[in-house]
Structure formats: structure tokens, C-alpha cells
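Listed below, chain by chain, are the residues.
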Amino acid sequence: MNKMIKGVIACTIAGVAFGTQWPVAGSALKEIDPYYFTLIRYSIVAIVLSIILFLTEGKNGFKIEKKQILSVSVMGTLAFCVYNFLVFAGQKMAGTSGTILASLLMALIPMVSVLMVWLIDKKRPSKMTLVFVGTSLLGVVLVITKGSLDVIVKDARLVFPISLMVISVIAWVLYTIGGSRFKAWSSIKYTTLSCLFGDVASIILVVIMTQTHFIKMPTMTILVDIKWQILYMSLIAGVLGVLMWNVGNKILTPQNGSLFMNLVPIVTFMIEILQGYNLSLIELIGALLTIGSIILNNVMLRRTLLKPINVNTTIQK
């Protein structure tokens, strides 16, 4: 199979898995807090990934140089602790609209990637890209406000959860970009080791929050009630989704792979509508504006890269 096709298939699987996870998580978060939910989910994920890594690469798969420990620890904490803690906390706090908002904000990952690359590498994006960043953000605002800013004024409680979800997006972008530092590693090795380090950070924070009575340990009854949600979030969204995401991005590059995040809100919207969610026209327009902006920006970037190079252009090394 063509390598590019493999990348497309991998990112598509990840997009669908991630899109389905928001309605599934929404039902589970009615019973459990987002912190224990994340810890339990990724503890299972870490075990499964470790088994896969050992079977494919043996003991060498777990070898890591001392100078890499800090970097992979930070990347793992961003993806498997910060991202998950904050996005699910925001989703739960936002109430009935939390599922839709969480999925749509994930679609902003390509645009946030553009801004982060600008900030980190000082590579200023084109004027058209900045326009598309603006229109994509406008689309999100339309979904949040449903066309009326009174929603924010009358329901100020949305500001905090949305802020948490925005921070989570930034954390995931940094994790995706950070993967390029480990080019010598396989996708399964990067996913597994970053997950293990992320779990360590999650355990520390969950213990602190439990000891300070910020959260309570879930009962066995609760865990039994949400067993199917945990299994989906662990094995499908956690193992298959994240692994396919890293595989696809390694083949297609983060810029191209992030485009498949557009599948996330589409899948989520479809599931929510089937479950009875009343999608307003303004919300639909906002979602299409965000997704359309991301797609058009990607198309524009591709055309720019395909333009013939002027022979008189001076190439600086």
C-alpha cells in the first residue's frame, strides 16, 4: 500500500475515534470526575501500549537516553495529563453544550499549530492564513454564543470551561509538534513512553487533589456503571486513536495530519443529533465556517508549495 494512503487511513481512523469519544465521555462524566476518569483510562492505555511495544521492539523499545527523559516527560504530561484533565473538566463544566464545544475546539488544532509555530520558530504565517485563523475562531464564537453575545453575559460560567479547553488544545499542539524531536523512535515507542510519563504526572496530581478533598475516589458501583465508556475511551480512543494519530502525522507531517481533526466535530455533531441534540442554524454555520476555513487554508498552503521556484531566487543556506 502507498505510504501516503497509509497516512490518510491512519489519520481518518484517529479522527473518527476522537470524534466519537466526546459523546462517550459526556455520558461517563455524569458519573465520575474528569481526573480519575483520565487516570483510569490512561492507566489501561499505558498497559496495552507497553505490551504492544514489548512484542514489537522488545526491551530496546523502552530504552531512553538521559537527555531525552525531560523532553518526553514534558510531552507526556502535556498530552496525557494537561490535555485530558482540562478538556474533560471543561466539557463537564459546560453542561449540555460541552460535548459540541470540546469537539469543535479540537478542530482548531491546525490553526493553533500555525500560531504556535509563529511563536516558537518566529515563522510568520501569510496574511491569508491569519484571515483563515480569524474566520475559524469566528465560527467557534458563533457556536459558543449561538449568534448572541448575551449568552456569554447571561451565562458567564461558560468562560472558565472554554478557557480550560483552549489551554488543552495548546497542550495537544505542543505534544504533536514535540513528536518531531524523536524521529529515531517508532510511533508506538513515542506514544507508549510519553503515555507512561504522562500517567506518572496524573497519579501525582490525582493523589494531591484527593488528599486535599478536591475530588473523591470513585466507588466500584460507579466504575461498573461506566465500564463500556472506559473501555471505549481506553482501547479505541486511547490506544487505537492516539497510535493512529502519531503514525499518520509521522507520514503526512503534523501540518497535513492536523487537517483530519476536522472529522472530530463532524462525527460528534452527527452522534449528538442522532441522540436528540437540537442543532441551531447559527451553530451549523459556525461549525462550517471553522471547518471550511481550516480546509481552505490547507489548500492555499499546498498551492503555495507547488508553485515553481523562480530561478533568480537567491537560496540562503
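Residues numbered from 1 in each chain as written. Predicted model: local features only at pLDDT ≥ 70, side-chain atom pairs only at ≥ 80, totals over all residues. Heavy atoms only, no water.

- Under an unreviewed UniProt entry, the protein chain has the name DMT family transporter and belongs to Leuconostoc aquikimchii.
- Reading the Sequence similarities (unreviewed entry) entry of the UniProt record for the protein chain gives the comment "Belongs to the EamA transporter family." (UniProt positions renumbered as here; feature names shortened; annotations may be inferred.)

## Looking at unusual backbone geometry
Peptide bonds are mostly trans, and most non-glycine residues show a negative phi.
So, step 1. Not every positive phi belongs to a glycine, and His-213 is a case in point at roughly 65°.
So, step 2. Relative to the assigned elements, His-213 resides in the loop between α9 (187–211) and α10 (220–225). (Helix = DSSP H or I, 4+ residues; strand = E, 2+ residues; numbered from the N terminus.)

## Quick notes on the packing of aromatic side chains
So, step 1. One pass over the full model with this rule turns up 14 aromatic pairs.
So, step 2. An angle of 80° between the planes, with centres 6.2 Å apart, marks the rings of Phe-18 and Trp-172 as edge-to-face. Note that Phe-18 is positioned in helix α1 (residues 3–28) and Trp-172 in helix α8 (residues 159–178), a separation of 154 residues in sequence. For the pair shown, Phe-18 and Trp-172 are each scored as buried.
So, step 3. Between Trp-22 and Phe-88, the aromatic rings sit 5.5 Å apart at their centres with planes inclined by 50°, giving tilted as the arrangement. Of this pair, Trp-22 sits in helix α1 while Phe-88 is found in helix α3 (residues 66–93), placing the two residues 66 residues apart along the sequence. Residue Trp-22 shares its accessibility class with Phe-88, and that shared class is buried.
So, step 4. Cluster of aromatic residues (ring-pair linked, three or more members): Phe-18, Tyr-42, Phe-80, Tyr-83, Trp-172, Tyr-175, Phe-182, Trp-185, Tyr-190 and Trp-245. (Phe/Tyr/Trp six-rings, centres within 6.5 Å; stacked < 30°, edge-to-face > 60°. Buried < 20%, exposed > 50% of the residue type's maximum accessible area, 1.4 Å probe, protein only.)

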